[in-house]
Amino acid sequence: MSQWKRRATALAATLSASALLLTACSGGSGGGGPDDPIVIGVSLPLTGDFSEPGKGVQRGYEAWVSAVNENGGLLGREVELRVLDDQSSADRVVQDYEALIAHYEVDLVFGPFSTRLVVPSARVAEEYGMLFVEPAGAAEAVFEQGFENLFYAAPAIAQDHYAHLADHILSLPEDQRPRTVAVASMDDPFAQGTAHGLRDRLAEAGLDIVVDETYPPNTTDFAGIAAKIDDSGADMVIGGTQYQDAVNLIVALRQLNYQPQIAAFSTAPTNPEFPVAIGDRTEGILAPTGYTPDADWPSNVAFVEHYTEMFGGPPAEDEANAYTTGQVVAAAVEAVGCAEQGECQQRLVDWLRENEVDTVVGPLSWDAQGRPQSAHLIQQYVDGEVSIVLPEDTAEAPFVHPKPEW
C-alpha cells in the first residue's frame, strides 16, 4: 500500500493540471467529516481514441451528481466529482486512479470508459480495496481477472449484447435468413466481444463467415477492409466498433455501393451524433443497447427530464450507464451508511453482492464476478428514428428486413 501511495504522490504534480472539479463548491480531497462533501474520483478519456463516448460518460456522471445534490446529497452530504483525463491511455489511467485514491484521497471511485481502461484501473481499485462500479467494461475478459470489487452497471456483458438479434435471425425461414456474413472488429476486447458473440452464434447455426477482419484502434483508412467486404457480397455485415471507426467503415462501404441485407454495428449507432456523421443514411442500421430514454423504469423518467434540461437533448446509452453507475453506488452507500476509504468499501461490496438495485436501465443484480444478470435490447433506425425492435414483446417498431439502401 505504501509503495502505491509513494508512486501516486510523485505523480500528483503532473496530474493535477488535468483535474476537473465538477461542483458548485471548492475543495476536492475526500476523507472529511460528516459536514464535508463526499468526493468521487474518476478518470475518463476526454481526449484520444475514446474521447467521444468518454465525454458522454462524463455528462452522465455530471447529471447524476446534479440530481443527487438537488435531492440532499448522499448521507446528507453534498457530492463532488473529481475527473482526470486519461487521454485514452491504459498507462495514464493507472496513474490517475493511483493519484485519485492515494494522493487526493477521494471517498469513492467510479470506473472509466472502455474495457481497455477498465481492466488496468480496476487492478488499482482492487489493490486499495475500493468498490469499483464501472459503466463501460463489458468484455468477458473483464470478468476473468478475478476482481472481487467490480460491478458492471449495464444489463449484459459484450458477448451477449446481440443475443436477441441472433435469436431473431435464426428464427427466420431458411429462404429469408442471410447466408453469408462479413465481420470487421476493432482490436478491442469490448468491440470484438460484441461482434464475435454474434458471429459465433451464427456460425454455429451454419451461416458462412466469409470475411473476418481485425484492425488496430487507431485505424482511419477502411478502404481495404471495405473492399474485402464488398468483394465477398456478404448478405450481412457485423461491425465490432466504437464510434469513429464505425463511421469511417460505413462511409467506405457506401462509397463502394455495398448493400447488405442486415447491418449491425456496436456502440456507434447509440451516439446522437451518428446520423449526421454518416450523412443521415441510417435507415435499417442495427445496434445493441442497454438503454432507451423511453423506458418507463421509475427513475428513468426523472433522469431523462433532468438530463435534457442540463444538456438540451435526451441521454444516450453511455450517459445512461454512467448515471446507472452513480445509482448503484448511491444505493450501497445509503444502505450501508458510509462513504469513505477503508473498511467501509468492503461493506459496500458485500451489500451489492446480495442485493438488486433499481436503475434507469432496469433492475440490476450481479454474479460473483460482477456480471449483470439481464439482457440488451436491439435498436434499429426505422423511418429516421431509433426504435427498439427486439425482443418483440418490448418492440417500439417492427424489425426492418432487408435493410434499405444507404
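Just so you know, the residues in each chain are numbered from 1, in the order the chain's sequence is written. Reporting in this predicted model follows two pLDDT cut-offs: at least 70 for local features of residues, and 80 or more for side-chain atom pairs to be given and counted; totals over whole chains, interfaces and linings ignore these cut-offs and use all residues. Each side-chain value is derived from all of the structure's non-hydrogen atoms; neither hydrogens nor water enter the calculation.

A. A look at the overall build of the chain. Working definition: helices are DSSP H or I runs of at least four residues, strands are E runs of at least two. Numbering for both runs from the N terminus. Looking only at helices and strands, the chain has 12 helices and 15 strands in total. C-alpha atoms define the radius of gyration in this analysis, and the globule rule sets the expected value at 2.2 Å times the number of residues to the power 0.38. A compact globule built from 406 residues would reach a C-alpha radius of gyration of about 22 Å, and the chain, at 21 Å, matches this within 12%. By the burial criterion, 57% of the 406 residues in the chain qualify as buried. Two residues qualify as a contact provided that any one of their heavy atoms is within 4.5 Å of a heavy atom in the partner residue. At a minimum sequence separation of 6, the contacts of the chain that also span at least 24 residues come to 71%. Accessible surface area values rest on a Shrake-Rupley calculation with a 1.4 Å probe, where residue burial reflects the displayed protein chains alone. As displayed, the chain offers around 15400 Å² of accessible surface, 45% of which is attributable to carbon and sulfur atoms. Charge convention: Lys and Arg are scored as positive, Asp and Glu as negative, and His as well as the terminal groups of each chain are ignored. A charge is said to be at NZ when it belongs to Lys, at CZ for Arg, at CG for Asp and at CD for Glu. Charged side chains of the chain number 21 positive and 61 negative; the gap between the two group centres comes to 6 Å. Three labels apply to residues, based on accessible area from a 1.4 Å probe with only protein chains included: buried if under 20% of the type maximum, exposed if over 50%, partly exposed otherwise in between.

B. Examining empty space enclosed by the protein more closely. Residues are called lining when one of their atoms sits within 4 Å of a cavity or pocket point, these points coming from a 1 Å grid over the protein atoms alone, where a cavity is a set in which a 1.4 Å probe fits but cannot get out and a pocket is an open set with protein on both sides within 12 Å along at least five of seven lines. Grid points are joined across faces, edges and corners, and a volume is the space filled by probe spheres set on the points. For the structure on display, the rule yields two cavities of 30 Å³ or more. Each pocket or cavity is described by its volume, and for the largest cavity that value is around 150 Å³. Along the wall of the largest cavity there are 14 residues; nearest its centre are Y152, F190, T267, E317 and D318. Sort the elements by how many residues they give to the lining of the largest cavity and helix α11 (residues 317–336) lands first, with three residues. Classes in brief: Ala, Val, Leu, Ile, Met, Phe, Trp, Tyr, Cys and Pro nonpolar; Asp, Glu, Lys and Arg charged; the others, Gly included, polar. Here the lining of the largest cavity is composed, by residue class, of seven nonpolar, five polar and two charged. Taken as a whole, the second largest cavity spans an internal volume of roughly 60 Å³. Lining of the second largest cavity is provided by E52, P53, G56, R59, T270, N271, P272, E273, A316, E317, D318 and E319. Contributions of two or more residues to the lining of the second largest cavity are made by α2 (51–70) and α11. It is α2 that contributes the most residues to the lining of the second largest cavity, four residues altogether.

C. Examining helix α5 (residues 163–171) more closely. Here α5 has its buried residues at L165, A166, H168 and I169. One face of α5 carries all of its buried residues, which in axial projection span an arc of 165 degrees. Where α5 is buried, its residues contact α6 (189–204), β9 (236–240), β10 (262–265), β11 (286–289), β14 (377–382) and β15 (385–390). This arc describes the spread of directions from the helix axis toward the C-beta atoms.

D. Fine view of α11. Multiplying 1.5 Å by the residue count of a helix minus one yields the expected span of that helix. Along its 20 residues, α11 runs 29 Å from first to last C-alpha, staying within 8% of the 28 Å computed at 1.5 Å per residue. Just past α11, the residue G337 takes up positive phi, approximately 90 degrees.

E. Structural view of the pattern of salt bridges. Salt bridges are defined as contacts in which a side-chain nitrogen from Lys or Arg sits within 4 Å of a carboxyl oxygen from Asp or Glu. Enumeration according to the criterion identifies 11 salt bridges in this entry. E343 is the salt-bridge partner of R347, the closest N and O atoms lying 3.8 Å from each other. Within this pair, R347 and its partner E343 are both found in helix α12 (residues 343–354), separated by four residues, close to a single helical turn. Since its relative accessible area comes to 36%, R347 is described here as partly exposed. With its nearest N and O atoms 3.0 Å apart, the salt bridge here joins R371 to D367. One network of salt bridges, in which partners are shared, links E140, D367 and R371.

F. Looking closely at the state of the cysteines. Only a pair of cysteine sulfur atoms within 2.5 Å qualifies as a disulfide here. Scanning all chains against the criterion turns up one disulfide. Disulfide partner of C338: C344, at an S-S distance of 2.0 Å. Here the S-S torsion is close to 95 degrees, and the disulfide linking C338 with C344 is therefore right-handed. Of the two residues examined, C338 and C344, each falls in the buried class.

G. Representation of the environment of R59. With respect to the secondary-structure elements, R59 resides in helix α2. You can call R59 partly exposed: its relative accessible area is 23%. For the pair R59 and A246, spaced 187 residues apart in sequence, the C-alpha separation works out to 22 Å. Polar side-chain contacts of R59 include one of 2.8 Å to the side chain of E319. Nitrogen and oxygen atoms within 3.5 Å of one another constitute a polar contact, given that in protein one can donate a hydrogen and the other can accept it, and given that sequence-neighbouring residues count only through two side-chain atoms.

Note that all results are geometric; they support no functional claim without further evidence.
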